[in-house]
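Observations on the model geometry
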Amino acid sequence: MKIQVTRSSLPEFEEYVDEIKDLWDSRWLTNMGVKHKQLEAELEDYLAVKDVSLFTNGHLALEMAIESMGLEGEVITTPFTFASTTHAIVRNGLEPVFCDVNSDDFNIDVEKLESLITDRTTAIIPVHVFGNICDVKTIDKIANKYNLKVIYDAAHAFGVTIDGVSVANFGDASMFSFHATKVFNTIEGGALTSNHQVLKDKLNALKNFGMNCSGNIDYIGGNAKMSEFQAAMGLCNLRHIEDDISKRKQIVNRYRGNLGDIREIKFIKEQKGVRSNYSYLPVLFKGYKQNRDEVFEKLKKQGVTPRKYFYPLTSDFPCYKGRFNQSYTPVAKEISEKILCLPLYADLSLKDVDRICEIILS
Ligand SMILES: *Cc1c(COP(=O)(O)O)cnc(C)c1O
């Protein structure tokens, strides 16, 4: 049996068919229909945030969040992320400035952040990597001091809370991805969360050709609307999210039990006060890059496909090489060379986890 790094959660076929049935009566397939409205309301509740604005994917949501704030100049971010974060900055005509990450949770190193701020800096775009929450208090303090906007790439952090507060409430806005491979999916999809009505109105216009609620074109917008079929998938999957997260937790605990005592393998420490969504299972192989690559090849030979995630750093992509100020991010570099994300999805059996661990241990 082949095991991929992830496998999309789906409701029972009948449940989805039941959910989309009314669309054959209404013939309202997209443009903020009934399912779209219902999903926004249910997510505002689940994510405990004032406003949720749905998008056709997370990437366009992030692009439009940046666009909505009219930023200029430099944006501080990290290179230890998916291509999307850096691309969204550059596609808005802005210059990414790469800050290093810390070795505890692989998130932006707030101690190195302030020294990268110049008079051209207008925003910080940190990433809650693998669902671990950034040092939001310190980031907030720095942003206030220098009058910077903060947009979190929370693509990995759906449903995560810290001391009971939902991750959706930090910064000026947060982006969530509902891609098929994420903890919660709408096939393709995404959302921006914020607590400012003005921002929500602008985002809703930007995703629909710049049209405001009275039909006037106020902005040079694009098209990034979520369809009714995507929203219907979200309504179904949201019914099972708690069950999925608890299954993921069991799987993570099994991995930790099997591999936790091995000196050469390092897990990320669980964050204090954080309710995790167990979105990924990253482990670091100590020693040389070869150790990671060897385990990767060995697993692949046995039909198991883990992922070198994130490797390489976005700042090392061919499209960015030599293009921006190549700040030195040694911690991010080292992590990217030693990391492997092991298979993790809600219906991965514990027997398969044991088999994967046996291959690694051998
Ligand atoms: C998945 C992901 C995105 C992009 O989301 P899509 O919904 O696939 O467009 C952005 N940032 C990170 C860190 C991601 O993992």
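Residues numbered from 1 in each chain as written. Predicted model: local features only at pLDDT ≥ 70, side-chain atom pairs only at ≥ 80, totals over all residues. Heavy atoms only, no water.

**Brief notes about the environment of Ala-154**
- With respect to the element layout, Ala-154 can be found in the loop between strand S5 (149-153) and strand S6 (161-162).
- Linking Ala-154 and Glu-228, residues 74 residues apart in sequence, is a C-alpha distance of 23 Å.
- Those residues in contact with Ala-154, other than ones at most four positions away along the chain, are His-128, Ser-174, Met-175 and Phe-176. (Helix = DSSP H or I, 4+ residues; strand = E, 2+ residues; numbered from the N terminus. Contact = heavy atoms within 4.5 Å.)

**Concerning the layout of surface pockets**
- As a volume, the largest pocket reaches approximately 480 Å³.
- Lining the largest pocket are 29 residues, with Phe-82, His-179, Thr-181, Lys-182 and Tyr-309 positioned closest to its centre.
- Taken together, the elements giving at least two residues each to the lining of the largest pocket come down to helix H4 (58-68), helix H5 (83-90), strand S8 (173-177) and strand S13 (339-342).
- Looking at the lining of the largest pocket residue by residue, the classes come out as twelve nonpolar, 13 polar and four charged.
- When residues of the lining of the largest pocket are assigned to domains, at least three map to each of domain 1 (13-239) and domain 2 (241-361). (1 Å grid on protein atoms, 1.4 Å probe; cavity = no way out; pocket = protein on both sides within 12 Å on 5 of 7 lines; lining within 4 Å. Points joined across faces, edges and corners; volume = space filled by probe spheres on them. Nonpolar A, V, L, I, M, F, W, Y, C, P; charged D, E, K, R; others polar. Domains from an automatic or database assignment.)

**Quick look at the site of the ligand**
- Close contacts around the ligand come from 16 residues, with Gly-58, His-59, Asp-153, Ser-177 and Lys-182 the closest.
- Between the ligand and His-156, the relevant distance is 2.9 Å, taken from an oxygen atom to a side-chain nitrogen or oxygen of the residue.
- One of the backbone nitrogen or oxygen atoms of Gly-189 is found 3.5 Å away from an oxygen atom of the ligand.
- Relative to its unbound accessible surface of 380 Å², the ligand loses 93% to contact with the protein.
- Mapping the ligand onto the cavity grids shows that it belongs to the largest pocket.
- Split by residue class, the shell around the ligand holds four nonpolar, ten polar and two charged. (Near = heavy atom within 4 Å. Polar contact = N/O pair within 3.5 Å; in protein donor to acceptor, adjacent residues only side chain to side chain. Areas by Shrake-Rupley, 256 points an atom, 1.4 Å probe, with all protein chains shown as cover. Sits in = over half its atoms within 2 Å of the grid points.)

**What about the domain arrangement of the chain?**
- According to the domain assignment, the chain contains domain 1 (13-239) and domain 2 (241-361).
- The C-alpha-based centres of domain 1 and domain 2 are spaced at 24 Å.
- Taken residue by residue, the interface counts 41 residues in domain 1 and 36 residues in domain 2.
- A combined buried area of about 3,400 Å² lies between domain 1 and domain 2, and 62% of that area is made up of carbon and sulfur atoms.
- When the area that domain 1 buries against domain 2 is broken down by residue, the three leading residues are Phe-98, Phe-130 and Val-183, summing to 20%.
- Where domain 1 touches domain 2, the interface holds zero salt bridges.
- Joining domain 1 to domain 2, the criterion identifies 19 residue pairs in polar contact (both at pLDDT 80 or more).
- Of all the secondary-structure elements, those providing two or more residues to the side of domain 1 that touches domain 2 are H5, strand S3 (95-98), S6 and helix H9 (228-239).
- The element best represented in the side of domain 1 that touches domain 2 is H5, accounting for four residues. (Buried area = accessible area lost by both parts, 1.4 Å probe. Salt bridge = Lys/Arg side-chain N within 4 Å of Asp/Glu carboxyl O.)

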